[in-house]
Amino acid sequence: MKHRLQFTAKKLLRMALLLLGVSLAAFLLMCASPLDPLQTNVGQTALGSMSQEQVEKLEEYWGVDTPPAERYLGWLQDVLHGDFGTSLLYRQPVLTVIGQRLANSFWLMLAAWIISGVLGLVLGVTAGAFRGRWPDRLIRGYCLLISSTPAFWLAILLLLIFSVWLGWLPVGLSVPAGVDAAAVTLADRLRHAVLPALTLSITGVANIALHTREKMADVLESDYVLFARARGESERSILLRHGLRNVALPAITLQFGSISEIIGGSVLVEQVFSYPGLGQAAVTAGLGSDLPLLLGITVITSAIVFGGNLIADLLYGAVDPKIRRRAAGR
């Protein structure tokens with residue numbers, strides 16, 4: 001137990017340094033952006049009709065007249081006290097905006113994460129078990145096609161087929177347009193989330209399936225599997241007792257590592273489907289020069305990705321007794 005606590009403490013320290021570096025990189029990129037916050041959000045015509053005093057107030061509100069180092073250090077000091085600031089566009093606390101948007105995106109990304117992980121594992125195991133035969137060629141062709149397909153293009157294609165041509169699913173948004181929030185049912189929310197979740201699931205399958213295929217093929221060509229076949233074990237028993245056990249660790253790594261891909265893909269997918277989630281809020285914050293909101297989203301999503309990797313590391317010991325005993329010996 002002691003070694004796990006020490007391991008977790010080291011990982012959390014690394015996470016703190018990582019979040020610091022990520023926030024600084026995001027801040028520098030925003031400072032280097034050619035977008036003028038005043039012209040983007042107010043407009044050149046409106047600025048021309050304002051007095052100098054009004055323009056100065058707007059510059060103070062958007063932080064244009066504040067040195068970059070002072071802005072970042074001030075933001076960092078507030079964050080260390082638990083205050084992520086106020087969104088310049090939404091005029092609400094950053095954590096409130098993130099909480100509302102994350103609530104919309106959470107179930108969407110969770111469904112995509114589970115579906116892509118399970119489907120990728122099944123396809124990878126199947127391709128590895130039938131290496132060189134038609135199931136393997138079919139799965140590899142599908143994965144290579146999907147991995148080279150942009151997420152936004154796939155989203156547009158699914159939208160065109162299932163919403164425009166067939167009319168089976170809504171065109172966009174997370175709830176029906178013009179319906180009171182109290183009248184929106186769970187079925188309505190699920191129907192609006194089907195296409196975004198399906199898009200994220202399809203794009204997330206390829207990487208997991210291809211890596212699982214390679215690991216399964218290596219396991220089936222190993223000496224202990226050859227010995228198992230010599231003992232008369234069936235192919236089904238070999239897959240379950242030897243194959244799945246040995247691909248478990250890579251599968252865990254790929255599954256939790258795909259969290260970053262799911263979050264990154266949701267930015268484009270939510271834009272296509274006008275889904276009011278965290279990804280769309282990040283795009284709005286970036287284009288609108290809403291620095292506090294963008295930095296908050298960057299830090300929160302980075303913490304989620306790092307937390308997923310930490311969970312994967314902790315699960316290694318639970319899945320593989322060798323790792324657990326080796327860690328205890330240290």
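Residues numbered from 1 in each chain as written. Predicted model: local features only at pLDDT ≥ 70, side-chain atom pairs only at ≥ 80, totals over all residues. Heavy atoms only, no water.

**Q** Whenever I open this one, the overall build of the protein confuses me. Can you help?
**A** Across its full length, the protein carries 14 helices and zero strands. Overall, the protein shows an N-to-C arrangement of helices and strands of α-α-α-α-α-α-α-α-α-α-α-α-α-α. Structurally, the protein occupies a C-alpha span of about 90 × 60 × 40 Å along its principal axes. Out of the 330 residues in the protein, the part that is buried amounts to 39%. Considering only contacts in the protein between residues 6 or more positions apart, those separated by 24 or more positions represent 73%. (Helix = DSSP H or I, 4+ residues; strand = E, 2+ residues; numbered from the N terminus. Buried < 20%, exposed > 50% of the residue type's maximum accessible area, 1.4 Å probe, protein only. Contact = heavy atoms within 4.5 Å.)

**Q** How do you make sense of unusual backbone geometry when you look at a structure like this?
**A** Apart from glycine, the bulk of residues carry a negative phi angle, and the bulk of peptide bonds sit in the trans form. Despite not being glycine, serine 274 shows a phi value in the positive range, around 50°. Within the secondary structure, serine 274 is located in the loop between helix H11 (235-272) and helix H12 (278-287). Not every positive phi belongs to a glycine, and serine 289 is a case in point at roughly 60°. Tracing the sequence through the fold places serine 289 in the loop between H12 and helix H13 (291-319).

**Q** Just to check I follow, could you spell out the packing of aromatic side chains for this structure?
**A** What describes a pair of aromatic rings is the distance from one ring centre to the other and the angle between the planes of the rings. Enumeration according to the criterion identifies five aromatic pairs in this entry. Judged by centre distance (6.1 Å) and plane angle (45°), the rings of phenylalanine 162 and tryptophan 168 are tilted. The structure contains a cluster of three or more aromatic residues connected by ring pairs, namely Phe27, Tyr72 and Trp75. (Phe/Tyr/Trp six-rings, centres within 6.5 Å; stacked < 30°, edge-to-face > 60°.)

**Q** Where do I start with the pattern of salt bridges in this structure?
**A** In the structure shown here, the tally under the stated rule is five salt bridges. Where arginine 213 meets aspartate 136, a salt bridge forms, and the shortest distance between an N and an O atom there is 2.6 Å. Of this pair, arginine 213 sits in helix H9 (residues 186-220) while aspartate 136 sits in helix H7 (residues 134-147), and the two are 77 residues apart along the sequence. For the pair arginine 213 and aspartate 136, one class covers both residues: buried. Each of Asp136, Arg140, Arg213 and Glu214 takes part in a single network of salt bridges with overlapping partners. (Salt bridge = Lys/Arg side-chain N within 4 Å of Asp/Glu carboxyl O.)

**Q** Mind showing me how you'd approach the nonpolar core here?
**A** General note: in soluble globular proteins, nonpolar side chains tend to be found buried as a group. Core analysis: the largest hydrophobic core is formed by 34 residues, its most contacted members being Leu108, Leu195, Leu200, Phe256, Ile259, Ile262 and Phe273. Secondary structure elements with two or more residues in this core: helix H6 (94-129), H7, helix H8 (151-165), H9, H11 and H13. The element that contributes the greatest number of residues to this core is H9, accounting for eight residues. Once residues lying within four places of it in the same chain are set aside, the contact partners of phenylalanine 256 are Trp113, Gly308, Asn309, Ile311, Ala312 and Leu315. Judged by nonpolar contacts, the second largest core, of 23 residues, contains Ala26, Val79, Val97 and Ile98. (Core = buried A, V, L, I, M, F, W, Y, C linked by side-chain atoms within 4.5 Å.)

**Q** For this particular structure, what's the right way to read the packing of H6 against H7?
**A** Any two packed helices are characterised by the angle at which their axes cross and by the distance between the axes. It is at 8 Å that the axes of H6 and H7 come closest, and there the two elements cross at 140°. Classified by the interaxial angle, the pair formed by H6 and H7 is oblique. When the axes of H6 and H7 are compared, the crossing they make is left-handed. Along the contact surface, H6 presents Leu123, Thr126 and Ala127, while H7 presents Asp136, Ile139 and Tyr142. Classifying every residue of the contact of H6 with H7 gives four nonpolar, one polar and one charged. (Axes fitted to C-alpha atoms, helices over the stretch in contact; angles between N-to-C directions. Parallel < 35°, antiparallel > 145°, perpendicular 65-115°, else oblique. Left-handed = near helix turned anticlockwise from the far one by under 90°. Nonpolar A, V, L, I, M, F, W, Y, C, P; charged D, E, K, R; others polar.)

**Q** Could you clarify how one ought to interpret the side chain of arginine 213 in this entry?
**A** Assessed through its relative accessible area of 7%, arginine 213 is described here as buried. A distance of 2.6 Å separates the side chain of arginine 213 from the side chain of aspartate 136, its partner in a polar contact. Apart from residues no more than four positions distant in its own chain, arginine 213 is found in contact with Gly124, Ala127, Gly128, Arg131, Asp136 and Arg140. (Polar contact = N/O pair within 3.5 Å; in protein donor to acceptor, adjacent residues only side chain to side chain.)

**Q** For this particular structure, what's the right way to read empty space enclosed by the protein?
**A** Over the atoms rolls a probe the size of a water molecule, and its path tells where empty space is left. Per the counting criterion, the structure on display carries one cavity of 30 Å³ or more. Of the voids in this model, the largest cavity is the one considered here, and its volume is about 40 Å³. Lining the largest cavity we find Pro170, Val171, Gly172, Leu173, Arg191, His192, Leu195, Pro196, Phe273 and Tyr275. Looking at side-chain class alone, the lining of the largest cavity contains seven nonpolar, two polar and one charged residues. (1 Å grid on protein atoms, 1.4 Å probe; cavity = no way out; pocket = protein on both sides within 12 Å on 5 of 7 lines; lining within 4 Å. Points joined across faces, edges and corners; volume = space filled by probe spheres on them.)

**Q** Mind showing me how you'd approach H7 here?
**A** Note: α-helices contain 3.6 residues per turn, so residues at a spacing of three or four share the same orientation. With 14 residues, H7 should cover 20 Å at 1.5 Å per step; its first-to-last C-alpha distance of 20 Å lies within 8% of that length. Within H7, burial applies to Pro135, Asp136, Ile139, Cys143 and Ile146. Buried residues in H7, looked at end-on, bunch into an arc of 105°, giving them a common side. Exposed residues pointing more than 90 degrees away from the buried face of H7 are listed as Trp134, Leu138 and Leu145. (Expected span 1.5 Å × (residues − 1). Arc of directions from axis to C-beta.)

**Q** Looking at this model, I keep getting lost on the environment of leucine 95. Mind explaining?
**A** If you trace the backbone, leucine 95 turns up in helix H6. It is 9.4 Å that separates the C-alpha atoms of leucine 95 and isoleucine 300, two residues lying 205 residues apart in sequence. Not counting chain neighbours up to four residues away, the residues in contact with leucine 95 comprise Gly82 and Phe84.

**Q** Help me understand a nonpolar patch on the surface in this model?
**A** On the surface, Phe152, Trp153, Ile156, Leu157 and Leu268 cluster together into a nonpolar patch covering about 460 Å² of accessible area. Ranked by the residues each element gives to the nonpolar patch, the list is headed by H8, at four residues. Note that leucine 268 resides in helix H11. (Patch = residues over 30% accessible without salt bridge, like charges linked within 9 Å, V, L, I, M, F, W, Y side chains within 5 Å. Areas by Shrake-Rupley, 256 points an atom, 1.4 Å probe, with all protein chains shown as cover.)

Shape is all these values report; function is a separate question.
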